[in-house]
4 protein chains.
Amino acid sequence: MPSSRTRHNRGPAAASDNRAAVLAAARSLFADQGYQVPLNAIARAAGVGQGVLYRHFPTRLDLAFAVFEENFAELEALAADSGPEGFGRLWRRLVEMTVAEAAFVEMVVDARRALPDYDGPRRLAALLEEPLRRAREAGSAPATADPRDVLTAVRMVYGVTVTEPDRDHTRAAVERALGLLPRWFPPIPEGG
Amino acid sequence: MPSSRTRHNRGPAAASDNRAAVLAAARSLFADQGYQVPLNAIARAAGVGQGVLYRHFPTRLDLAFAVFEENFAELEALAADSGPEGFGRLWRRLVEMTVAEAAFVEMVVDARRALPDYDGPRRLAALLEEPLRRAREAGSAPATADPRDVLTAVRMVYGVTVTEPDRDHTRAAVERALGLLPRWFPPIPEGG
Amino acid sequence: MPSSRTRHNRGPAAASDNRAAVLAAARSLFADQGYQVPLNAIARAAGVGQGVLYRHFPTRLDLAFAVFEENFAELEALAADSGPEGFGRLWRRLVEMTVAEAAFVEMVVDARRALPDYDGPRRLAALLEEPLRRAREAGSAPATADPRDVLTAVRMVYGVTVTEPDRDHTRAAVERALGLLPRWFPPIPEGG
Amino acid sequence: MPSSRTRHNRGPAAASDNRAAVLAAARSLFADQGYQVPLNAIARAAGVGQGVLYRHFPTRLDLAFAVFEENFAELEALAADSGPEGFGRLWRRLVEMTVAEAAFVEMVVDARRALPDYDGPRRLAALLEEPLRRAREAGSAPATADPRDVLTAVRMVYGVTVTEPDRDHTRAAVERALGLLPRWFPPIPEGG
DNA sequence: AATGAATGAGCCTTCATTCAT
DNA sequence: CATGAATGAAGGCTCATTCAT
């Protein structure tokens, strides 16, 4: 009999619901408050106990991995796109993610520090390989263009994003930054 | 006779030594651990009590202002340099500072947030004005080159720096980033 | 196995015990040391960690509200008392509370400062209304007697209490003070 | 040769100036911020070093004694006043002091706690003796009126003063309190 | 398996008091 | 004697992590 004074323990069946709620809350708070947002704030926003968070995600990194796995998956899906526009779309999405979720980048940094053989950057490089090759073949990228350049450019955009105190100016700041990159990094379409 | 349990009070004459010790410790720890390093760690590293730090620098920003005022001064001195190479030197020094002391950039961000009329960015833009004008006249920068582009580029370099978990790779990562910027941003000379 | 270095985590079931322990410790220390007693002293006296105190009572005022809500409730119960003696009992209890728990008064002052629409004084005035009306009707209070007079008299008794350094003399000092008030404020019965 | 970097050490001749400056600052800050105002705030307001304050007044009590000795002296002068109005003036001045300088009362309390044979209250009682005797003889105070009643009444006024969060209402609150005291305590004249 | 409370270390800040010059 | 800096204890608050139920 559920106590009238405590929340319902909904049992094992709720586990995946809880996990999803934590992930959604984490994504939202990572985006709003950054990667270092207090974990208890995430649990609270998810409407679950602290224990649930730790059960599903023993460390902050585990949680961030799960949150941003979706980002990886989305990027990989986009990379599988065949057209000659593939690289452009991928780049634009990377920029959007960096702007909207700087925590994505911070997570990768944290992971590389904590887990020496974390493969995030390699995974990103790998998914960029083929679209970039096609761009080179199509002449929309120079022969020397390399996935590492793209990852570096993402880090550059990240730098502009996190040093902008006024969110209303972030887009303009990022546009100025993109303007400094080589032309083969397509700019963000207006209003995008 | 100084107590064996408390540190010696070296008297007011030590004030400037202590201030200098705090500044040195702060510079070192800002460089090593970033702008958000605990203030008590700085006091400890300087070999002074907490109170000394607060007496000299009531807030973290006051401390960072004092530490990085030297950076501003150095850059302004460099900017007063005449020759057509002025902008190149300034840019290289900005990059070095950003790499060695990412906290410099973080301080500016914090100041802009906390003190709406903080003039750091304007001061940087102002000192870039003249060297950049000369560079444009000498044809080593395009007519459209603007101090705001330079500040944006610094933020981009910052992004690369703080996302590099392995300090041994920072230089290579920054070089790759500089390679993506327009040619009028001179690269760092080898071994520099 | 609980560590020998850390206290036992008695689990959520202990929550209400802990809350009660904090309240009891707070009441005791408020009475002994006044409203400004360090919060960590309260946590220590309650045998709980700092966090527990902050979890249950995020601010000093929250804690004091909880402690002194009992006082309000007791006074309201007393006020519901019918007979013509109602006001006399209420007054005597108010005096006792003020003497034993000057922090009660200090809490109301703090609340008025921190929360402009704190209703403590209005609540006290309201509960006095009816008993005082009956006292006026019974001729034991003058027609002009007003709840505000009663609250003022409580503040006067408070003044005598907190300026008495020797607790053994507090009763005598308060009796002298009551002797200066109009007769419709019944004195404390001897030995009371 | 006075250093250009530190304030002038004005030598022994300045001692009494400094003492006076500290007293003036202390009176002002005691009145504004209460008896527990930080001592370094007093030194700062007086424009002297901490050491000066401690040299002249080793403890807070020593400082408060010196500040409020003037109050005692003023009251004693007033008490020497012969007319039948003597007590009334004395009482009004006591009330004014209590309202404007609650720290006066707090000092007496602190002194009684710290120095068991502090004679402040006796001194006050003594200076009240004669004026009160005259008032009794003139029929403006009852035969039972006693200096201890007056001191108690001061403590009552103090209670009203320190529990008033809004300084703009202090006068009204005190007037209500005076209205509850026996008639032989003359009220404050309007606008007084 | 979920709950949500407990713990305590850590950091921030203030201020009474001491003391070299 | 004055100066004014140094000290460090104290207290406030937060949050990562653990754990009884």
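Keep in mind it's a predicted model, so treat the numbers as computed, not measured. (Residues numbered from 1 in each chain as written. Chains lettered and ligands numbered in written order. Predicted model: local features only at pLDDT ≥ 70, side-chain atom pairs only at ≥ 80, totals over all residues. Heavy atoms only, no water.)

Caption draft 1: Spatial organisation of the nonpolar core. Core analysis: the biggest nonpolar cluster contains 128 residues, and Phe30, Ile42 and Trp91 of chain A together with Phe30, Ile42 and Trp91 of chain B have the highest contact counts within it. Those residues in contact with Ile42 of chain B, other than ones at most four positions away along the chain, are Val22, Ala25, Ala26, Leu29, Phe30, Val37, Leu53 and Leu63 of chain B. Membership of the second largest hydrophobic core comes to 127 residues, among which are Phe87, Ala111 and Ala125 of chain C together with Leu180 of chain D. (Core = buried A, V, L, I, M, F, W, Y, C linked by side-chain atoms within 4.5 Å. Buried < 20%, exposed > 50% of the residue type's maximum accessible area, 1.4 Å probe, protein only. Contact = heavy atoms within 4.5 Å.)

Caption draft 2: Region of interest: the environment of Val160 of chain C. If you trace the backbone, Val160 of chain C turns up in helix α8 (residues 147-162). For the pair Val160 of chain C and Pro58 of chain C, spaced 102 residues apart in sequence, the C-alpha separation works out to 32 Å. Discounting residues that sit within four places of it in the chain, Val160 of chain C has contacts with Ala173, Val174 and Ala177 of chain C together with Thr152, Arg155 and Met156 of chain D. (Helix = DSSP H or I, 4+ residues; strand = E, 2+ residues; numbered from the N terminus.)

Caption draft 3: Representation of the side chain of Thr98 of chain B in the model. You can see Thr98 of chain B is positioned in helix α5 (residues 86-100). Once residues within four sequence positions are removed from consideration, Thr98 of chain B is found in contact with Val105, Val154, Val157, Tyr158 and Thr161 of chain B.

Caption draft 4: How the structure looks around the UniProt feature "DNA-binding region" (unreviewed entry) in chain A. Under the local residue numbering, the UniProt record ascribes the feature "DNA-binding region" (unreviewed entry) to residues 38-57 of chain A. End-to-end, the C-alpha atoms of residues 38-57 of chain A are 14 Å apart, and along that stretch the chain is 75% helix and 0% strand. (UniProt positions renumbered as here; feature names shortened; annotations may be inferred.)

Caption draft 5: How the structure looks around helix α8 (residues 147-162) of chain D. All names here are of chain D. Compared with the 22 Å implied by 1.5 Å per residue over 16 residues, the 23 Å span of α8 between its first and last C-alpha is a close match. In terms of burial, α8 is largely enclosed, as 14 of its 16 residues are buried. With a side-chain oxygen lying 2.6 Å from the backbone nitrogen of Arg148, the N-terminal cap of α8 falls on Asp146. (Expected span 1.5 Å × (residues − 1). Polar contact = N/O pair within 3.5 Å; in protein donor to acceptor, adjacent residues only side chain to side chain.)

Caption draft 6: The relation of the copies chain B and chain A, seen in detail. When chain B is brought onto chain A, the operation consists of a screw motion whose angular component is 178° and whose axial shift is 0.1 Å, with 0.4 Å RMSD remaining. Such a combination of turn and shift is consistent with a two-fold rotation axis. Interface overlap between copies: 100% of the residues of chain B at the interface are likewise at the interface in chain A, consistent with a symmetric, same-surface contact. (Least-squares fit on C-alpha atoms with pLDDT ≥ 70 in both.)

Caption draft 7: A look at the interface of chain B and chain A. On the chain A side, the residues contacting the 24 residues of chain B number 25 residues. For the pair chain B and chain A, the summed buried area comes to about 2300 Å², and 66% of that belongs to carbon and sulfur atoms. Broken down residue by residue, the surface that chain B buries against chain A is led by Arg155, Arg176 and Leu180 of chain B, which jointly contribute 32%. Connecting chain B to chain A are six salt bridges. Ionic pairing is found between Glu164 of chain B and Arg155 of chain A, a salt bridge with its closest N-O pair at 3.0 Å. Where chain B meets chain A, there are eight residue pairs in polar contact (both at pLDDT 80 or more). (Buried area = accessible area lost by both parts, 1.4 Å probe. Salt bridge = Lys/Arg side-chain N within 4 Å of Asp/Glu carboxyl O.)

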